[in-house]
Amino acid sequence: SLVILQQGGGFQYLFLEVDRGTMALKRIKSKLKGYREYYFSGGFFSKYGEAGYRKEDYSFRVLMTCPSEETRNNRLEQACSLGSNTMCWFAVHEQAVNDPFGNIWIRGKEYKEALKRLPPEIEYNWMRSYNKSERDEFIRQHVPLLSLI
């Protein structure tokens, strides 16, 4: 779904994805790649842009809500692997429903910056383990939560 917010004299274009935890990672990756292609190919600008402007003047965010912190962080890793460090914003679904404009969103940029503080062997072990509760706790403590506005 596309949501268009008017803020000040401009607009924010937001695609909303609700992940209930049932979608395979392969499908998530395909969707995220599709959004990147939609922007970089000029498809989004062709549909919503105005004459006299450039493609770069029309950007959008992809907002994805996830059922848990662990799922959110897994999706963040997928986005980072594709280079989506600022286009995609992730939140826990319950928080997004309760306060969509609150400080609840995480981008890949801040996620990657926090992981740089870790010794490589710890990050490697987190990515391999089934239970990622240590990673999720680290993210809770070291990754800033952002607001949409």
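From a predicted model like this one, the values you see are computed outputs, not experimental measurements.

A.B. asks: Explanation requested: the sheet that holds strand β3 (residues 60–66) in the structure shown.
C.D. replies: Note: strands within a sheet are paired through backbone hydrogen bonds, in either parallel or antiparallel orientation. Read across the open sheet, the five strands follow the order β1-β2-β3-β4-β5; overall the sheet is mixed. Across the chains shown, the open sheet's two edge strands, defined by having one partner strand only, are β1 (2–7) and β5 (106–107). Contacts between helix α1 (residues 25–40) and the sheet are confined to β2 (10–18), β3 and β4 (88–92), with β3 contributing the most and set at about 165° to the helix.

A.B. asks: Honestly, helix α7 (residues 133–142) in this entry has me stumped. Any pointers?
C.D. replies: A turn of α-helix holds 3.6 residues, and therefore any two residues three or four places apart point the same way. Every buried residue belonging to α7 is among Arg135, Asp136, Phe138 and Ile139, and all of these are buried. Seen from one end, α7 has its buried residues packed into an arc of 160°, which puts them on one side. Seen from the buried face of α7, the exposed residues on the opposite side, beyond 90 degrees, are Glu134 and Gln141.

A.B. asks: When you look at the pairing of β4 in this model, what are you seeing that I'm missing?
C.D. replies: A regular strand places its side chains so that they alternate between the two faces of the sheet. In terms of residue burial, β4 counts as a mostly covered element, since five of its five residues are buried. Sheet topology places β3 next to β4; five bridges connect them, and they run parallel. By the bridge assignment, Thr65 is partnered in β4 with Ala91. On the question of chirality, the crossover connecting β3 to the parallel β4 by way of helix α3 (residues 69–81) is right-handed. Judged from the two bridges that link them, β4 and β5 form a sheet pairing that is antiparallel. For Trp89, the partnering residue across the bridge sits in β5 and is Arg107.

So, how was this worked out
- Residues numbered from 1 in each chain as written.
- Predicted model: local features only at pLDDT ≥ 70, side-chain atom pairs only at ≥ 80, totals over all residues.
- Heavy atoms only, no water.
- Pairing = 2+ DSSP bridges.
- Helix = DSSP H or I, 4+ residues; strand = E, 2+ residues; numbered from the N terminus.
- Contact = heavy atoms within 4.5 Å.
- Axes fitted to C-alpha atoms, helices over the stretch in contact; angles between N-to-C directions.
- Buried < 20%, exposed > 50% of the residue type's maximum accessible area, 1.4 Å probe, protein only.
- Arc of directions from axis to C-beta.
- Right-handed = clockwise from strand over helix to strand, strands pointing away.

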